Amino acid sequence: MSGVPQSNPQKPQKTFYLETFGCQMNVHDSEKVVGTLLQEGYRQVETVEQADLVLYNTCSIRDKAEQKVFNRLSDYKKYKKQGKTFGVLGCVAQQEGEKIFERAPYVSLVAGSASYRNLPSMLAQLESATLEAGKSESRKPEAESLVRITGLDDRETDACFETEFTARTNPHRGYITIIEGCDKFCAYCVVPYTRGKERSRTSESVLAEARQMADLGYTEIQLLGQNVNSYKDSEGNSSATKTFAELLAAVGEVPGIRRVRFTTSHPRDFGPDIVDAIDAVPTLCDHVHLPVQSGSTRVLDAMQRLYTRDQYLERISWMKTAKREISITTDVIVGFPGETESDFAETLDLLDEVGYDAVFAFKYSPRPNTPSLKLEDAIPEEEKSRRLEVLMAKQREIQTIRYKKYIGTTCEVMVEGRNEPRAQWIGRTTHNKTLNFSAPPSANLKAGTYAPVRVTGSFPNSLLGELVI
Ligand code: 5AD
Ligand code: SF4
């Protein structure tokens with residue numbers, strides 16, 4: 001399940017290039033796609049120029065993300081002449097389906113995430129069809145592909161994309177998917193349409209993967225899902241069936257694992273048992289990402305978020321009474337249709353009330369198929385930009401104050417790497433903050449090790465410190 005598999009020597013060596021857009025789910029899907037391709041005898045290369053097969057694993061959460069892939073594909077003419085094959089994977093593939101062939105006729109493969117289990121057979125079809133097409137290449141206009149393979153029809157599958165061939169890019173911390181898809185249907189969101197209904201893996205299989213990762217030397221695990229809190233341990237021995245909080249605790253207790261994170265949580269399903277688990281199991285990180293989207297109950301209702309401002313704040317109060325200080329981060333959408341100045345003011349006020357350590361803020365972007373497309377009272381683009389700026393400026397002030405409080409404390413970091421020009425090490429705290437620090441060469445630090453660091457300075461997005469010797 002883990003580690004980088006070697007290319008299979010039995011199969012002819014073709015090369016592929018893969019670029020990933022979007023969320024951590026996509027990043028982890030790409031690790032599985034890479035593992036599968038290596039197993040199928042492909043070799044990964046660093047540039048489009050070097051590749052026979054060019055893949056884009058795409059995101060459609062906002063229009064901007066979707067445009068990126070079509071910008072990449074606009075270079076096709078040059079590359080198509082060189083005989084390269086193009087594939088579009090991920091959420092744009094699932095959302096646009098065969099329409100991609102109309103917009104980009106040189107694309108040969110369109111596959112959504114729910115059909116990646118069939119990648120080996122899709123690749124085999126692609127190879128043999130490309131071979132056939134090569135023989136009759138002169139009969140088609142140069143820019144149009146003769147080969148069209150789709151993997152789109154599996155969205156309603158019950159199966160997750162579990163593969164023993166995951167090529168994880170970082171040898172110390174890695175992702176484990178526990179649940180795929182989403183059943184929430186927030187009014188603005190494409191995810192239920194691109195990733196299908198919720199399917200949970202069994203806790204047995206998640207724990208087996210965690211143990212295997214620990215055996216390979218991983219010390220940090222991040223549990224992934226569009227909505228990890230609605231995890232349901234469907235199968236297996238009923239006495240061993242686990243809730244999300246129990247699974248979280250069990251992963252935290254795997255010998256060798258020092259840090260466990262999880263993302264993303266939905267406030268509706270976020271229970272006090274998760275905070276209890278963080279209290280009980282020291283390896284569970286002191287950080288929760290709990291997207292609020294808006295501080296106005298009226299807007300939350302229009303967004304179909306299934307909770308009120310007060311219910312959200314109740315969850316925050318559970319975290320604030322935890323034994324350790326839990327760092328809280330969130331996502332916010334500004335300019336949702338009908339959002340008034342006073343709704344927006346409620347969001348600003350919520351930032352103060354919660355005291356977030358990071359806010360990922362986005363301008364509302366209307367997406368295909370979503371219920372909010374039909375809502376009236378669209379907010380003009382300039383007004384969305386203004387609100388975004390106001391919100392980010394406010395959050396910057398909040399973070400400036402919050403980060404300063406760490407000065408003088410000692411935090412354990414996982415060493416992530418070195419910034420040579422600045423002669424600094426880059427570390428990450430349990431609160432998920434970047435802590436850049438100095439250390440003498442004799443400290444013999446390496447990426448993946450843990451070290452105590454005294455915080456000596458702060459910025460709105462990072463901390464500065466020195467190794468405690
Ligand atoms: N427009 C803007 N932001 C969006 N997000 C999801 N859908 C949209 C959209 N249509 C944001 C939400 C979500 C994050 C991953 O992206 O804040 O939590
Ligand atoms: Fe983008 Fe959402 Fe798909 Fe992730 S699940 S890649 S954020 S559209």
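Predicted model, so just to flag it, every value in this text is computed and none were measured.

Tallying each qualifying case throughout the model produces 33 salt bridges. Of the charged contacts, one joins Arg-315 and Glu-314 as a salt bridge, the two residues approaching to 3.3 Å between their closest N and O atoms.

Our next topic: the sheet that holds strand β12 (residues 287-289). Spatially, the three strands line up as an open sheet ordered β12-β13-β14, and their pairing is parallel. What marks the edges here is a single partner per strand, and that holds for β12 and β14 (358-363). With direction set aside, neighbouring strand axes in the sheet form an average angle of 15°. When β12 meets strand β13 (residues 327-334), the two strands line up parallel, connected through three bridges. The partner of His-289 across the bridge, within β13, is Thr-329.

To continue, consider the site of ligand 1. Lining the immediate environment of ligand 1, one finds Ile-61, Arg-62, Tyr-188, Gln-293, Asp-331, Ile-333, Phe-362, Lys-363, Tyr-364, Ser-365 and Arg-367. At a separation of 3.0 Å, an oxygen atom of ligand 1 approaches a polar side-chain atom of Arg-62. One nitrogen or oxygen atom from the main chain of Ser-365 is found 2.8 Å from a nitrogen atom belonging to ligand 1. Starting from 400 Å² of accessible surface for ligand 1 in isolation, the protein chains cover 86%. Elements that contribute at least two residues to the shell around ligand 1 include exactly β13 and β14. Grouping the constituent residues of the shell around ligand 1 by class yields five nonpolar, two polar and four charged.

Here we come to the side chain of Arg-428. Among the secondary structure elements, Arg-428 is positioned in strand β16 (residues 424-429). In terms of polar contacts, Arg-428 uses its side chain to reach the side chain of Glu-416, at 2.9 Å. A distance of 3.1 Å separates the side chain of Arg-428 from the backbone oxygen of Asn-432, its partner in a polar contact.

The six strands lie next to each other as β2-β1-β3-β4-β5-β6, forming an open sheet whose pairing is parallel. Every interior strand has two partners, whereas the edge strands, β2 (42-44) and β6 (149-151), have only one. Within the sheet, the average angular offset between the axes of one strand and its neighbour, ignoring direction, is 25°. Pairing of strand β3 (residues 53-58) with strand β4 (residues 85-89), which is carried by five bridges, proceeds in the parallel orientation. When the bridges of β4 are listed, Asn-57 appears paired with Leu-89.

A few words on the pairing of β16. Of all six residues that make up β16, five are buried, and the element is covered over most of its length. Pairing between strand β15 (residues 410-419) and β16: six bridges, direction antiparallel. Bridge assignment links Asn-419 to a residue of β16, and that residue is Gln-424. If you look at the hairpin formed by β15 and β16, you'll find four residues sitting between the two strands, and Ala-423 has a positive phi there, around 50°. Where β16 and strand β17 (residues 434-438) come together, four bridges link them in antiparallel fashion.

By secondary structure assignment, the location of Met-213 is in helix α8 (residues 203-215). With a relative accessible area of 0%, Met-213 lands in the buried category. Each C-alpha atom of the pair Met-213 and Glu-325 lies 28 Å from the other, and the pair is 112 residues apart in sequence.

This part takes up the site of ligand 2. Surrounding ligand 2, one finds Cys-23, Asn-26, Cys-59, Ser-60, Ile-61, Cys-91, Val-190, Val-191, Arg-195 and Gln-226. Grouping the constituent residues of the shell around ligand 2 by class yields six nonpolar, three polar and one charged.

Turning next to the packing of aromatic side chains. A full pass over the atoms with the stated rule returns eight aromatic pairs. A centroid spacing of 5.7 Å and a plane angle of 75° characterise the contact between Phe-185 and Tyr-193, whose relative ring orientation is edge-to-face. Relative to Tyr-364, the ring of Phe-336 lies with its centre 5.2 Å away and its plane at 75°, an arrangement referred to as edge-to-face. Pair noted here: Phe-336 is in the loop between β13 and α13 (341-354) and Tyr-364 is in the loop between β14 and α14 (381-404), with a separation of 28 residues, a long-range link. Overall, the relative accessible area of 6% leaves Tyr-364 in the buried class. Among the aromatic residues, those joined into a cluster by ring pairs are Tyr-188, Phe-336 and Tyr-364. Note that Arg-103 overlies the ring of Phe-70, its terminal NZ or CZ placed 3.6 Å from the centroid.

Rules used throughout
Residues numbered from 1 in each chain as written. Chains lettered and ligands numbered in written order. Predicted model: local features only at pLDDT ≥ 70, side-chain atom pairs only at ≥ 80, totals over all residues. Heavy atoms only, no water. Salt bridge = Lys/Arg side-chain N within 4 Å of Asp/Glu carboxyl O. Pairing = 2+ DSSP bridges. Helix = DSSP H or I, 4+ residues; strand = E, 2+ residues; numbered from the N terminus. Axes fitted to C-alpha atoms, helices over the stretch in contact; angles between N-to-C directions. Near = heavy atom within 4 Å. Polar contact = N/O pair within 3.5 Å; in protein donor to acceptor, adjacent residues only side chain to side chain. Areas by Shrake-Rupley, 256 points an atom, 1.4 Å probe, with all protein chains shown as cover. Nonpolar A, V, L, I, M, F, W, Y, C, P; charged D, E, K, R; others polar. Buried < 20%, exposed > 50% of the residue type's maximum accessible area, 1.4 Å probe, protein only. Phe/Tyr/Trp six-rings, centres within 6.5 Å; stacked < 30°, edge-to-face > 60°. Lys NZ or Arg CZ within 6 Å of the ring centre and 35° of its normal.

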